[in-house]
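So the chains spell out like this:
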Amino acid sequence: MPSNAYFYNHIDPHGQWQFTQIEVSKDFTPYYRLLTGGTKQRYLLANDTSTNNPNHGHTLYWGRVSADYYDIFFLRHNKPLAREFMPVRPITSSDIETFKQANSANPNQYWADFYAQALIASPATILHQGQWRITTGVTEKLDRYAPIDWWQDCDYQFEYHNEPTACFMWEDHHNNPFPLKPPPKADDGRVKWWRKKIRENACPPILLWWQRNLLNHIVIDGHNRWLAYQLENKKPEVLVISAFKTTNYPYIDDPKRRLQVLQNLKQYVSDKKNEKFINIKHINDILIKTYHTNTPEYDAVTVGKPIKNLDERWEKEVTALLSHINPNDGFKKGDLEYFLAED
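This is a predicted model, so every value here is computed, not measured.

Let's talk about the pairing of strand 4 (residues 42-47)
Judged by how many residues are buried, strand 4 sits mostly within the fold: 6 of 6 residues are covered. With 4 bridges joining them, strand 3 (residues 32-36) and strand 4 adopt antiparallel strand pairing. Residue pairing across strands places Tyr 32 opposite Asn 47, the latter belonging to strand 4. With antiparallel pairing between neighbouring strands as the criterion, strand 3 and strand 4 make up a hairpin whose turn holds 5 residues, including Gly 37 at a positive phi of roughly 115°. In this sheet, strand 5 (residues 59-65) lies alongside strand 4 in antiparallel orientation, the contact comprising 5 bridges. Bridging across to strand 5, Arg 42 finds its partner in Arg 64.

Take a look at the structure:
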């Protein structure tokens, strides 16, 4: 394993696994980055050809925000991803047998460690410098007192999105994460194999990556398993990954300030208009920061990298898709023209 990236498990005082943390140094070479920097509110998740394999670039998705900041537009390829562009190598029968032999008391912890190691070793990794966490995604609807972070919320219908384009508003509740590949066929060999593994309780969880710029998750690994779970009429097991930012706030021993925080919280919780937005973990975090010394704050982030000529690259790639439309690829000319058009 490269010395410029490593992972470890975070275990709570009760001995329960909480998440797998990945530490990535500045010497680590990333492949995929969220590239930004244009003047037209555009971005793309792609290989940064200015630093990595300049003749071998690949884009996973394109996005843009409308001029009024109200709508988000999403576009992905609708062709299978070549193996060399996969952030995680395909999981094999040997990996499944190793998992069975390990007889792990916590399968999610086992597969979180597996994914951490795979992403560190991947030539097409999504990792870049900083801290990352992999933890369990919560797929059932939770009440407002559930002590989870919002990036773990995976209360999706998990119906595979067939269209390569999507348009939504910031406040939309997404019914599904965004796949990066076209839907596989039910009679594909891998789908059939995964259906068998689901019945054997030996199917790895799907790996989702939180994209704060989309306020949604994208599927990094597990497209065939997603369909297999759907065909088995089961919600998939899910792990989520995100980069994290740590902020340390100085502690101020101020009784008046603490009293003001308590009064504000009481007023906020008592207001029925805020009922659906109340989150116990968020309230606990506020109280901890108010009463504890030097408590760091951890925030799930999606880090963009500004590059020159972002608009030119974005327009060139999307225009190329428009000029090579194949009805079998699922693209509709009108959708692509709308995606490309200025507001």
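After that view, the rundown keeps rolling.
Focus on the pattern of salt bridges
Under the definition given, this model contains 12 salt bridges. A salt bridge links Glu 200 to Lys 197, with the shortest nitrogen-to-oxygen separation between them at 3.1 Å. Glu 232 serves as the salt-bridge partner of Arg 199, at 2.9 Å between the closest nitrogen and oxygen. In this pair, Arg 199 sits in helix 3 (residues 189-199) while Glu 232 sits in the loop between helix 4 (223-231) and strand 11 (238-248), placing the two residues 33 residues apart along the sequence. We classify Glu 232 as buried; its relative accessible area is 15%. Three or more residues joined by partner-sharing salt bridges are found here, namely Glu 97, Lys 100, Lys 197 and Glu 200.

Overview of unusual backbone geometry
Even without being a glycine, Asn 103 presents a positive backbone phi close to 50°. With respect to the helices and strands, Asn 103 occurs in the loop between helix 1 (93-102) and helix 2 (107-121). Owing to a relative accessible area of 65%, Asn 103 belongs among the exposed residues under this scheme.

Examining the pairing of strand 2 (residues 17-24)
Most of strand 2 sits out of view: 7 of its 8 residues are buried. With 7 bridges connecting them, strand 1 (residues 5-11) and strand 2 associate as antiparallel partners. Note on strand 2: the bridge partner recorded for Tyr 6 is Glu 23. The loop that links strand 1 with its antiparallel partner strand 2 comprises 5 residues; one of these, Gly 15, has a positive phi angle of about 85°.

What to know about the environment of Arg 89
Looking at the element boundaries, Arg 89 is found in the loop between strand 6 (71-76) and helix 1. Through-space distance from the C-alpha of Arg 89 to that of Pro 123 is 9.5 Å; in sequence the pair is 34 residues apart. Apart from the residues within four sequence positions on either side, Arg 89 is in contact with Asp 95, Phe 114 and Asp 221. Here the side chain of Arg 89 touches Asp 95 through a polar contact of 2.8 Å, side chain to side chain.

Notes on the packing of aromatic side chains
Counted under the stated rule, the structure contains 16 aromatic pairs. Between Trp 151 and Phe 244, the ring centres sit 5.1 Å apart and the planes meet at 75°, which makes this aromatic pair edge-to-face. Highlighted residues: Trp 151 in the loop between strand 7 (130-136) and strand 8 (165-169) and Phe 244 in strand 11, separated in sequence by 93 residues. In this structure, Trp 151 and Phe 244 share a single accessibility class: buried. Each ring, one from Phe 158 and one from Trp 226, has its centre 6.2 Å from the other, and the planes form 85°; the classification is edge-to-face. Of this pair, Phe 158 sits in the loop between strand 7 and strand 8 while Trp 226 is found in helix 4, placing the two residues 68 residues apart along the sequence. For the pair Phe 158 and Trp 226, one class covers both residues: buried.

Some words on the sheet that holds strand 5
Spatial strand order, 8-6-5-4-3-13: 6 strands in an open sheet with mixed pairing. Among the strands making up the open sheet, the edge pair consists of strand 8 and strand 13 (304-306). Averaged over all pairs of adjacent strands, the angle between strand axes in this sheet comes to 25°, irrespective of strand direction. Across the sheet, helix 7 (residues 310-323) is in contact with strand 3, strand 4, strand 5 and strand 6; its angle to strand 4 comes to roughly 80°.

Cut-offs applied
- Residues numbered from 1 in each chain as written.
- Predicted model: local features only at pLDDT ≥ 70, side-chain atom pairs only at ≥ 80, totals over all residues.
- Heavy atoms only, no water.
- Buried < 20%, exposed > 50% of the residue type's maximum accessible area, 1.4 Å probe, protein only.
- Helix = DSSP H or I, 4+ residues; strand = E, 2+ residues; numbered from the N terminus.
- Pairing = 2+ DSSP bridges.
- Salt bridge = Lys/Arg side-chain N within 4 Å of Asp/Glu carboxyl O.
- Contact = heavy atoms within 4.5 Å.
- Polar contact = N/O pair within 3.5 Å; in protein donor to acceptor, adjacent residues only side chain to side chain.
- Phe/Tyr/Trp six-rings, centres within 6.5 Å; stacked < 30°, edge-to-face > 60°.
- Axes fitted to C-alpha atoms, helices over the stretch in contact; angles between N-to-C directions.

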